[in-house]
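What follows is the residue order along each chain.
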Amino acid sequence: MTSKRMSLLAALALSGTVAAQGTAPGKTIRVSDPAIPFTISLPTGWLGVRFNDGLRGVNIASAPKAPAALMRFTFIPKQGQSLDLANEFRAFEGAVTQGGGTLKLLSSSTARYGGVTGLTHVYTLSEKGKNLKMQIWFGNGRKNFYNFQLTDAATDFSKHLPLFTAALASVQFQ
């Protein structure tokens, strides 16, 4: 993973403008696309968000504009590279710091979704007066590096975490 891509991920985590619409608790829709190497069930009422960042996957948000919760389920082909997830997190943290943000790691644990083992970090993120909370899972698949994350206002994070947790539990890799 290049530091350029990690800087991009950090910038996206700090982004305040998204295009989406409301939540419908408890209802999900199964997303399956041949261009994406996984299927996932996502909450209904959230709309897709398009970033022109070169990352492939699914991005959704809880409201039409900030403040909004953002869920990203992205992947990058590893092209035969062997990745160390702890190093990937260090690169991510460095990119956020270089971008002017302040991260505080709250917890770290291993997690396995859909048969892929990964590492989960939970952070608080402060940048330009915004106080956010993030849960990020980096997965080391056979062919792809996965970055699944929830970013939300610190005050609303616990409201959206169950939806994100359910989405993670629904992942099936192809």
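Placed above this text is the structure.
Now for a quick tour of the structure. Throughout this document, residue positions are counted from 1 along each chain, in the order its sequence is written. In view of the model being predicted, local features appear only for residues whose pLDDT reaches at least 70, and side-chain atom pairs are presented and counted only at 80 or more, with totals across whole chains, interfaces and linings using the full set of residues. Computation of side-chain values: all heavy atoms of the structure, hydrogens and water removed.

**A look at the sheet that holds strand β8 (residues 130–140)**
Sheet strands associate in pairs through backbone hydrogen bonding, adopting either a parallel or an antiparallel arrangement. Using the following cut-off: Strands were regarded as paired on the criterion that DSSP finds at least two bridges between them. Only DSSP runs of H or I reaching four residues or more are called helices, and only runs of E reaching two or more are called strands; each is numbered from the N terminus. Should any heavy atoms of two residues lie within 4.5 Å, those residues are counted as being in contact. Axes here mean lines fitted to C-alpha atoms, for a helix over just the part in contact, with angles spanning 0 to 180 degrees between N-to-C directions.
Sheet architecture is open: 7 strands sit in the order β3-β4-β5-β9-β8-β7-β6, paired in antiparallel fashion. The outermost strands of the open sheet, each flanked by one partner alone, are β3 (47–48) and β6 (102–113). As paired strands, strand β7 (residues 116–127) and β8 are joined by 10 bridges and run antiparallel to one another. Looking at the pairing, His121 lines up with Ile136 of β8. On top of the sheet, helix α3 (residues 157–170) reaches β5 (70–77), β6, β8 and β9 (144–153); it is set at about 160 degrees to β9, its chief contact.

**Notes on the sheet that holds strand β2 (residues 38–43)**
Across the sheet, 3 strands lie side by side as β1-β2-β10; this open sheet has antiparallel pairing. Two strands lie at the open edges of the sheet, namely β1 (28–31) and β10 (172–173), each paired on one side alone. Strand contacts of α3: β1, β2 and β10, with the helix running at about 155 degrees to β2, the strand carrying the most contacts.

**Points about the side chain of Thr39**
Using the following cut-off: For this analysis, a polar contact is any N or O atom pair within 3.5 Å, provided that within protein one partner can donate a hydrogen and the other can accept it, and provided that sequence-adjacent residues contribute only side-chain to side-chain pairs.
In this structure, Thr39 sits in strand β2. Among the polar contacts listed, one links the side chain of Thr39 to the side chain of Arg30, at a separation of 2.6 Å. For Thr39, the residues in contact, after removing those within four places along its chain, are Arg30, Val31, Ser32, Ser170, Val171, Gln172 and Gln174.

**Comments concerning the pairing of β1**
Working note: regular strand, side chains alternate between the two faces of the sheet. Here β1 runs beside β2; their pairing, made up of 4 bridges, is antiparallel. Bridge pairing in β2 links Arg30 to Ser41. The turn joining β1 and β2, which pair antiparallel and follow one another in sequence, is formed by 6 residues.

**Comments concerning the environment of Thr120**
The test is simple: Throughout this description, buried means an accessible area under 20% of the type-specific maximum (1.4 Å probe, protein chains only), exposed means over 50%, and partly exposed covers the range between.
Note on placement: Thr120 falls in strand β7. For Thr120, a relative accessible area of 7% puts it in the buried group. Each C-alpha atom, one on Thr120 and one on Gln135, is 6.9 Å from the other, the two residues being 15 residues apart in sequence. Discounting residues that sit within four places of it in the chain, Thr120 has contacts with Ser107, Ser108, Ser109, Ala111, Gln135, Ile136 and Trp137.

**Focus: the nonpolar core**
We count it as follows: For this analysis, a nonpolar core means a set of buried residues of the types Ala, Val, Leu, Ile, Met, Phe, Trp, Tyr and Cys, connected via side-chain atoms within 4.5 Å.
Counting residues in each nonpolar core, the largest one holds 25 residues, and the members touching the most others are Phe38, Met71, Phe73, Trp137, Tyr146, Phe148 and Phe173. By residue number, the principal contributor to this core is α3, which donates 5 residues. Beyond its immediate stretch of four places on either side in the chain, Met71 contacts Pro43, Trp46, Val58, Asn59, Ile60, Gln149, Leu150, His160, Leu163 and Phe164. Core analysis: the next-biggest nonpolar cluster, separate from the first, contains 16 residues, Ile76, Leu83, Met134 and Ile136 among them.

**Observations regarding the pattern of salt bridges**
Our working definition: Each reported salt bridge corresponds to a side-chain nitrogen of Lys or Arg within 4 Å of a carboxyl oxygen of Asp or Glu.
The final tally for this structure, using the stated rule, is 2 salt bridges. A salt bridge links Arg72 to Asp53; the shortest N-O distance between them is 2.9 Å. Note that Arg72 is positioned in strand β5 and Asp53 in the loop between β3 and β4 (56–61), a separation of 19 residues in sequence. Relative accessible area serves as the criterion here: at 10%, Asp53 is assigned to the buried category. As a salt-bridge pair, Lys128 and Glu127 come within 3.8 Å of each other at their nearest N and O atoms. Look at Lys128 and you get exposed, because its relative accessible area is 75%.

Nothing here speaks to function; it is all geometry.
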